[in-house]
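Observations on the three-dimensional arrangement
Read off the chains here:
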Amino acid sequence: MVTLYPEKLINIITNDALEDKLVDSFKKYGASGYTILRARGAGSSGRQADMTGFDANILVKVIMPEERMQDLLDSLERKIHKGYHLTVFITDIEVMTPGKFDKTLN
Amino acid sequence: MSSLNNLLLPAVLFFALGCIARLIKSDLRFPPDLAKVLSIYLLMAIGLHGGHELAKADFVIALNSIMWALVLGFTLPIIGYLALLMTRKVNPMDAAAISAHYGSVSAGTFLTAIAYLDSAGVDYESYPLIMLAVMESPAIIVGLILAAKARQSMQADKNGLSPDGTGTVAANTDDNNGGFGGLMRDAFTNGSVVILIGSMIIGAISMPSGMEKLFPFIDDIFMGVLCLFLFEMGMVAARRLGDFRQVGWLLAAFGIVMPLVGGMVGVLVGHYILDFSVGGATLVAVLGASASYIAVPPAMRLAVPEANPSFYLTLSLGITFPFNVMVGIPLYHGVVQSLAT
């Protein structure tokens, strides 16, 4: 039986123009890494189906221990208050190698 | 050449085909990022070509063109901003973001104008190309200044209404909008500006024999690539036009009137002040008339998050771009022609 360890997965859907800004926050607020995927779909900001590479959407995933994620969530909330369109949702996950998420990005 | 002839340019016909493909809900899809690849090629080719010509150019005229490009880039967004506020359809934030698009330029429109002039056999100077590179950025800066002012006054209103301070979000250094210096740097290190200016310098300093080897790449296939690019842009524009209802008639009218105003200012600058040929002045008019849809949208998303992106994208990509490609270019050419004779 493999031992699994609980972690939180922060998911963010937003425009790719905000990618650098988000990555800066990840570094500043102690994320250990992140994964970015191209995304399309529709929502409160209308259809985001542009696959031309101009004005595309991204789905950003960050795994963090629950006790460390509050600062990052606060910074995301401040961005939303400023008018940035971020869809943020957090899921419970289980990981096999918790050590990977201890080290913060430089 | 009449405007009907402009519609019969292969590149413009492909643009129309792209629009039609979307309207009839064809399953036609270009591979992701193709338009980006094509636009890199187009900027590189036009830069190399123009740089090669500019090596023989007159330094004083070049400097004068740059100065007037800056004047256009700084003035047009202010005209647009005031006009937008007069429509009373958008808030100052949206007006700032939209007008930044109209002060900046669209390389796609410029290249279509080159295709038009080439097929009409009209000569043009290479100075408007430097102006194209220069005009990408100033409007972004003006847009940011206008947005910052609007933000201040809206914040003041909000604080007046809610003295408990709910309107004020705790300021945090990483969450300011990148800082003015950072945004200035972004405006001038924008990808298309780097490709265009870099290729122009390479074209200007390369050995002529080396440049000759490049001609099949930058000249012979250029129009074919432009057709492909406009084909895809037609699909993108038609998709944007679907958002037309959100924008409303008055704003849509702005998407047509503003390029006419910008185009006429461009005609005046190109014809009377810079004293360019008919072709050159037409290109300056196109610079004045066109609205950015590549460089400015991400800058506004980043720096003016309060503005509604569907306003500026629909206007610049769904209305102004097709208008300029199909109607504007021959119109500006006709006006310059009638002034010159």
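Computed from a predicted model, the values in this text were never measured in an experiment. (Residues numbered from 1 in each chain as written. Chains lettered and ligands numbered in written order. Predicted model: local features only at pLDDT ≥ 70, side-chain atom pairs only at ≥ 80, totals over all residues. Heavy atoms only, no water.)

All names here are of chain B. What the rule picks out here adds up to 2 cavities of 30 Å³ or more. For the largest cavity, the calculated volume is near 130 Å³. Surrounding the largest cavity, 15 residues form its lining, Leu43, Ser106, Ala107, Gly108 and Ile294 being those nearest its centre. Breaking the lining of the largest cavity down by element, the ones donating at least two residues are helix H3 (34-54) and helix H6 (107-120). The class makeup of the residues in the lining of the largest cavity is 9 nonpolar, 5 polar and 1 charged. (1 Å grid on protein atoms, 1.4 Å probe; cavity = no way out; pocket = protein on both sides within 12 Å on 5 of 7 lines; lining within 4 Å. Points joined across faces, edges and corners; volume = space filled by probe spheres on them. Helix = DSSP H or I, 4+ residues; strand = E, 2+ residues; numbered from the N terminus. Nonpolar A, V, L, I, M, F, W, Y, C, P; charged D, E, K, R; others polar.)

Once that is clear, we can look at unusual backbone geometry. All names here are of chain B. One non-glycine residue, Asp33, lies in positive phi territory at about 75°. Along the chain, the position of Asp33 falls in the loop between helix H2 (10-23) and H3. For Asp33, a relative accessible area of 26% corresponds to the partly exposed category. The phi dihedral of Arg88 is positive, around 55°, even though this residue is not glycine. For Arg88, the position within the fold is in the loop between helix H4 (59-87) and helix H5 (92-103). (Buried < 20%, exposed > 50% of the residue type's maximum accessible area, 1.4 Å probe, protein only.)

Turning our eyes to something else, we now look at the environment of B:Gly270. Residues and elements named next belong to chain B. Along the chain, Gly270 turns up in helix H14 (residues 249-273). For the pair formed by Gly270 and Thr282, sequence separation is 12 residues and the distance between their alpha carbons is 7.4 Å. Ignoring any residue separated from it by four or fewer positions in sequence, one finds Gly270 in contact with Asp275, Phe276, Ala281 and Val284. (Contact = heavy atoms within 4.5 Å.)

Right, let's talk about a nonpolar patch on the surface for a bit. Residues and elements named next belong to chain B. A contiguous nonpolar patch, built from Leu268, Tyr272, Ile273 and Leu339 and spanning about 370 Å² of accessible area, is present on the exposed surface. Top element by residues in the nonpolar patch is H14. It accounts for 3 residues. If you trace the backbone, Ile273 turns up in helix H14. Ile273 gets classed as partly exposed once you look at its relative accessible area, which sits at 38%. (Patch = residues over 30% accessible without salt bridge, like charges linked within 9 Å, V, L, I, M, F, W, Y side chains within 5 Å. Areas by Shrake-Rupley, 256 points an atom, 1.4 Å probe, with all protein chains shown as cover. Salt bridge = Lys/Arg side-chain N within 4 Å of Asp/Glu carboxyl O.)

This part takes up the nonpolar core. General note: in soluble globular proteins, nonpolar side chains tend to be found buried as a group. Residue and element names in this part refer to chain B. One finds Phe15, Leu42, Met131, Leu132, Leu196, Met233 and Phe321 to be the most contacted residues of the largest nonpolar core, which totals 70 residues. Tallying contributions element by element places helix H12 (residues 222-241) first for this core, with 10 residues. Setting aside residues no more than four positions away along its own chain, Leu196 makes contact with Leu43, Ile46, Gly47, Leu129, Leu132 and Ala133. Judged by nonpolar contacts, the second largest core, of 35 residues, contains Ala96, Val247, Ala252 and Ala291. (Core = buried A, V, L, I, M, F, W, Y, C linked by side-chain atoms within 4.5 Å.)

Before going further, it helps to examine the confidence of the model for chain B. Residues and elements named next belong to chain B. Residues at a pLDDT of 70 or more form 91% of chain B, whose mean pLDDT is 88. For chain B, the element scoring lowest by mean pLDDT is helix H1 (residues 3-7), at 60; helix H15 (residues 278-289) scores highest, at 97. Low pLDDT, under 50, characterises residues 162-175; the predicted model gives this stretch 22 contacts beyond four residues in sequence or across chains. Both confidence scores are given for the complex: pTM 0.87, ipTM 0.83. (pLDDT = per-residue confidence, 0-100.)

Attention shifts here to the confidence of the model for chain A. For chain A, the average pLDDT comes to 90, and 94% of its residues sit at 70 or higher. Summarising per-element confidence for chain A, the mean pLDDT is lowest in strand E4 (residues 46-48) of chain A (70) and highest in strand E6 (residues 87-95) of chain A (97).

Moving on to the pattern of salt bridges. For side chains of opposite charge, pairing can occur when their charged atoms come near one another. What the rule picks out here adds up to 3 salt bridges over all chains. Between A:Lys8 and A:Asp92 there is a salt bridge; the shortest N-O distance is 2.5 Å. Highlighted residues: A:Lys8 in strand E1 (residues 5-15) and A:Asp92 in strand E6, separated in sequence by 84 residues. Linking B:Arg151 and B:Glu306 is a salt bridge whose minimum nitrogen-to-oxygen distance equals 2.7 Å. Residue B:Arg151 is found in helix H8 (residues 138-161), and its partner B:Glu306 is found in the loop between helix H16 (296-303) and helix H17 (309-340); the two are separated by 155 residues along the sequence. Look at B:Arg151 and you get partly exposed, because its relative accessible area is 22%. For B:Glu306, a relative accessible area of 30% corresponds to the partly exposed category.

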